[in-house]
Amino acid sequence: LLARVENQIALRSLAKQLRAQKDFLQVIYNSVDTFISVLEVVERDQFEIVDVNETALKMTGYTREQMIGANVTAFVAPEVIRRNHEVCVATKQPVTREEPIELMGKTTWWLSTHTPLCDESGAVTRLIGTAINITERWLAEQQLAKKTEELTQALDNLKATQSELVRSAKMAALGNLVAGVAHEINTPVGTAIMTASSLENASQEIAAALSEGELKKSSFQNYLEIATECSLHNSSNLRRAGELIQSFKQVAVDQSSLQQRTFALRSYLQEVITNLTPKLKQTPHQIQLLTDTEITLSSYPGASAQVVTNLIINSLTHAYPTGEAGLICLEVTQTKDHTTLCYSDDGCGIPPDAQDHIF
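Residues numbered from 1 in each chain as written. Predicted model: local features only at pLDDT ≥ 70, side-chain atom pairs only at ≥ 80, totals over all residues. Heavy atoms only, no water.

**Comments concerning the overall build of the chain**
Definition in use: The helix and strand labels rest on DSSP assignments: H or I over at least four residues marks a helix, E over at least two residues marks a strand, and numbering proceeds from the N terminus. By the convention used here, residues are in contact when the closest approach between their heavy atoms is within 4.5 Å. Only the protein chains shown count as covering a residue, and every accessible area follows the Shrake-Rupley method with a 1.4 Å probe.
When you go through the chain residue by residue, the secondary structure sums to eleven helices and ten strands. Intrachain contacts of the chain at a sequence separation of at least 6 include 59% that bridge at least 24 residues. For the chain, the computed accessible surface area is about 21500 Å², with 54% contributed by carbon and sulfur atoms.

**Side note on the packing of aromatic side chains**
Our working definition: Aromatic contacts are taken between Phe, Tyr and Trp rings whose centres are within 6.5 Å, Trp giving its six-membered ring; a plane angle under 30 degrees counts as stacked, one over 60 as edge-to-face, and the others as tilted. Burial classification: accessible surface area is computed with a 1.4 Å probe over protein chains only, and a residue below 20% of its type maximum counts as buried, one above 50% as exposed, and the rest as partly exposed.
Throughout the structure, instances matching the rule amount to three aromatic pairs. Seen from their ring centres, Trp-109 and Trp-138 are 4.5 Å apart, and the 10° between their planes marks the pair as stacked. With a gap of 29 residues between them, Trp-109 in strand β4 (residues 106-118) and Trp-138 in helix α5 (residues 135-167) connect regions that are remote in the sequence. Under the relative-accessibility criterion, Trp-109 is labelled buried at 19%. Owing to a relative accessible area of 21%, Trp-138 belongs among the partly exposed residues under this scheme. With 5.2 Å between their ring centres and 55° between their planes, Phe-263 and Tyr-268 make a pair best called tilted. On the basis of relative accessible area, Tyr-268 is assigned to the buried category, the value being 8%.

**Describing empty space enclosed by the protein**
Definition in use: Here the term cavity refers to a set of points on a 1 Å grid, laid over the protein atoms alone, in which a 1.4 Å probe fits but cannot get out; the term pocket refers to an open set having protein on both sides within 12 Å along at least five of seven lines, with lining residues being those that place an atom within 4 Å of a point. Grid points are joined across faces, edges and corners, and a volume is the space filled by probe spheres set on the points. Residues are grouped as follows: nonpolar covers Ala, Val, Leu, Ile, Met, Phe, Trp, Tyr, Cys and Pro; charged covers Asp, Glu, Lys and Arg; every other residue, Gly included, is treated as polar.
One pass over the structure, following the stated rule, counts one cavity of 30 Å³ or more. Residue assignment for the lining of the largest cavity shows that the elements contributing at least two residues are β1 (35-43), β2 (46-52), α4 (78-91), β3 (95-103), β4 and β5 (124-133). Tallied by class, the residues present in the lining of the largest cavity amount to 14 nonpolar, seven polar and one charged.

**Side note on the sheet that holds strand β7 (residues 286-290)**
To keep things clear, this is the line we draw: When DSSP finds two or more bridges between a pair of strands, those strands are recorded as paired. Angles here are taken between N-to-C directions and fall from 0 to 180 degrees, while the axes themselves are lines fitted to C-alpha atoms, restricted in helices to the stretch in contact.
Taken in spatial order, the three strands make up an open sheet running β7-β9-β10, and their pairing is mixed. Looking at the sheet topology across the chains shown, the edges are occupied by β7 and β10 (339-345). Ignoring which end each strand starts from, the neighbouring axes of this sheet average 10° apart. As judged from the seven bridges shared by strand β9 (residues 327-334) and β10, these two strands associate in the antiparallel manner. The partner of Thr-333 across the bridge, within β10, is Thr-340. Sitting on the sheet, helix α10 (residues 301-319) is in contact with β7, β9 and β10, with an inclination near 15° to β10.

**Things to note about the nonpolar core**
Keep this limit in mind: Nine residue types can take part in a nonpolar core, namely buried Ala, Val, Leu, Ile, Met, Phe, Trp, Tyr and Cys, and a core is a set of them joined through side-chain atoms within 4.5 Å.
Phe-47, Ile-49, Met-67, Val-72, Phe-75, Val-76 and Leu-127 are the most contacted members of the largest nonpolar core, which totals 24 residues. Only β1, β2, α2 (54-60), α4, β3 and β5 provide two or more residues apiece to this core. It is α4 that provides the largest number of residues to this core, a total of four residues. Once residues lying within four places of it in the same chain are set aside, the contact partners of Ile-49 are Val-38, Leu-39, Met-67, Ile-68, Gly-69, Ala-70, Val-72 and Phe-75. The next biggest cluster of nonpolar side chains, apart from the first, holds 18 residues, and it includes Tyr-268, Leu-269, Val-272 and Val-332.

**Thoughts on the pattern of salt bridges**
Pairs can form between side chains of opposite charge once their charged atoms are near each other. To be explicit about the condition: Any Lys or Arg side-chain nitrogen located within 4 Å of an Asp or Glu carboxyl oxygen qualifies as a salt bridge.
On inspection of all chains with the given rule, the structure shows six salt bridges. For Arg-126, the salt bridge identified is with Glu-40, shortest N-O distance 2.7 Å. With Arg-126 in strand β5 and Glu-40 in strand β1, this pair connects stretches of sequence that are 86 residues apart. For Arg-137, the salt bridge goes to Glu-141, with nearest N and O atoms at 3.3 Å. Taken together, the positions of Arg-137 and Glu-141, both in helix α5 and four residues apart, correspond to about one turn of that helix. For Arg-137, a relative accessible area of 3% gives the class buried. For Glu-141, a relative accessible area of 24% corresponds to the partly exposed category. The network of salt bridges with common partners includes Asp-51, Glu-54 and Arg-64.

**Observations concerning the pairing of β5**
Here β1 runs beside β5; their pairing, made up of six bridges, is antiparallel. Considered in β5, the bridge of Phe-35 is made with Ala-131. Taken together, the nine bridges between β4 and β5 define a ladder with antiparallel strand orientation. When the bridges of β5 are listed, Thr-113 appears paired with Thr-130. As consecutive antiparallel partners, β4 and β5 are separated by five residues, and within that stretch Gly-122 has a phi angle of approximately 95°, a positive value.

**Thoughts on the environment of Val-80**
Inspection of the secondary structure assignment puts Val-80 in helix α4. We classify Val-80 as buried; its relative accessible area is 4%. Considering only alpha carbons, one finds Val-80 and Glu-99, 19 residues apart in sequence, at a separation of 7.9 Å.

**Quick word on α10**
Residues spaced three or four apart along an α-helix face the same direction, because each turn holds 3.6 residues. Worth spelling out the cut-off: To estimate how far a helix should extend, the number of its residues minus one is multiplied by 1.5 Å.
Helix length check: α10, at 19 residues, gives a terminal C-alpha distance of 26 Å against a target of 27 Å (1.5 Å per residue), a fit within 8%. Buried within α10 are the following residues: Pro-301, Ala-305, Gln-306, Val-308, Thr-309, Ile-312, Ser-315, Leu-316 and Ala-319.

**Things to note about a nonpolar patch on the surface**
Our working rule: A residue counts toward a patch only above 30% relative accessible area and without a salt bridge, and it is joined to like-charged neighbours within 9 Å or, for Val, Leu, Ile, Met, Phe, Trp and Tyr, to nonpolar neighbours within 5 Å.
A surface patch of nonpolar side chains, about 360 Å² in accessible area, is lined by Phe-24, Leu-25, Ile-28 and Val-32. Here Ile-28 shows up in helix α1 (residues 2-31).

Geometric descriptors of this kind do not, in isolation, establish any biological role.
Structural data, given as C-alpha cells:
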C-alpha cells in the first residue's frame, strides 16, 4: 500500500512537471516573433493546417477558425505546395525558400523553412513550417537592383561621351577633364558597390540565422535598418553620379560651364560625410565638423563634395597604420568676404619629397 501511494505521488509530481513544461513551451510557441504552422500531410500536394501560433495570426490577419482545418492551397499557390512535397516530403529533409504568398489580396514575400516529421514506418505525416515576412527586404533589394541598372546605364553613357570627346580634334584640350570626370565618378560608384556588398552580406547573415533557428527580433530589426540605410545611400550616390555626368556633358560644350547653385554648406558637408558612413564603419576613425553657423553659398556643390570626399578617402587609405584610431576635422570659418574650409587629420603626414607634387 505504501509503495502504491508513493507511486501515485510520483506520478502526480511528474504530471505536474509535464503540465508546467507544456505551458512553458506553449508560451514560447505563441510569443516567438516567427510564423509557425503545423501541417498534416493528407495526400500528395494536399496539406491540412493543424495548428498555428498567435504570431501567425497577427502576421496574416486571419483568425484561428479561418486557418485551422483549412487546406494550405487556400492561402498558398499550388506550385509552392508541389515544391514543398517534391523537396521536403520526398527527400525527408528540411527545405528553406524565399517565395511570394498572397495574403488578404496582397502579394508578400516570405523566407520559410519546412521540416518533415515521420511516423514509425518512416513516412512523412506532418510538416513544421516557420517563416518571417521579408517583404521590406525584398522590395529594398529590387529597388537596389533597379538603381544599379540605372547607374550602369549612366556609366555607359559616360563612356560613350568620353569616346566622342577623344575622337573630336577640337575638343582635345578636354583630355584631362575626361580623366578627371572618370575619377570623380569613382566615388559614388565605389560607394554604391560597397553599400550593395554590405546589404548582400547582411542578407546572407540573416538567412543563415533563420536557417539555423537562431534568428532574433533584434537581429532582424537591425537588418531592416541596414537595408533602409543602404537604399538611402545608393539613392544619394545615384543622384550625385547623374549630376556629375550632366555637368560633364555641359563642360564638353563649354569647359567653363559648371553646375552652380545656392546651398547650405554645413548641411551639405554633413550629407557628404553621411554618404561615407559605410566606409567609415569599417574603421575606428572619427570625423568632426566644426562650424557654429549655417553658411549659405552660391557656388559649386558637386566640386566641393568631390574635394572633401577625396580628402577623406585619402586620409582613410594613407594616413593611419592598421588598427590606429584617427581624428579627421573639417572646420568652416567665415570672414566678411570669404568662407574658408580647413581640412586636417592627425595621421602620419606626407613625406617631404612628395609634398612638392601635391598640387
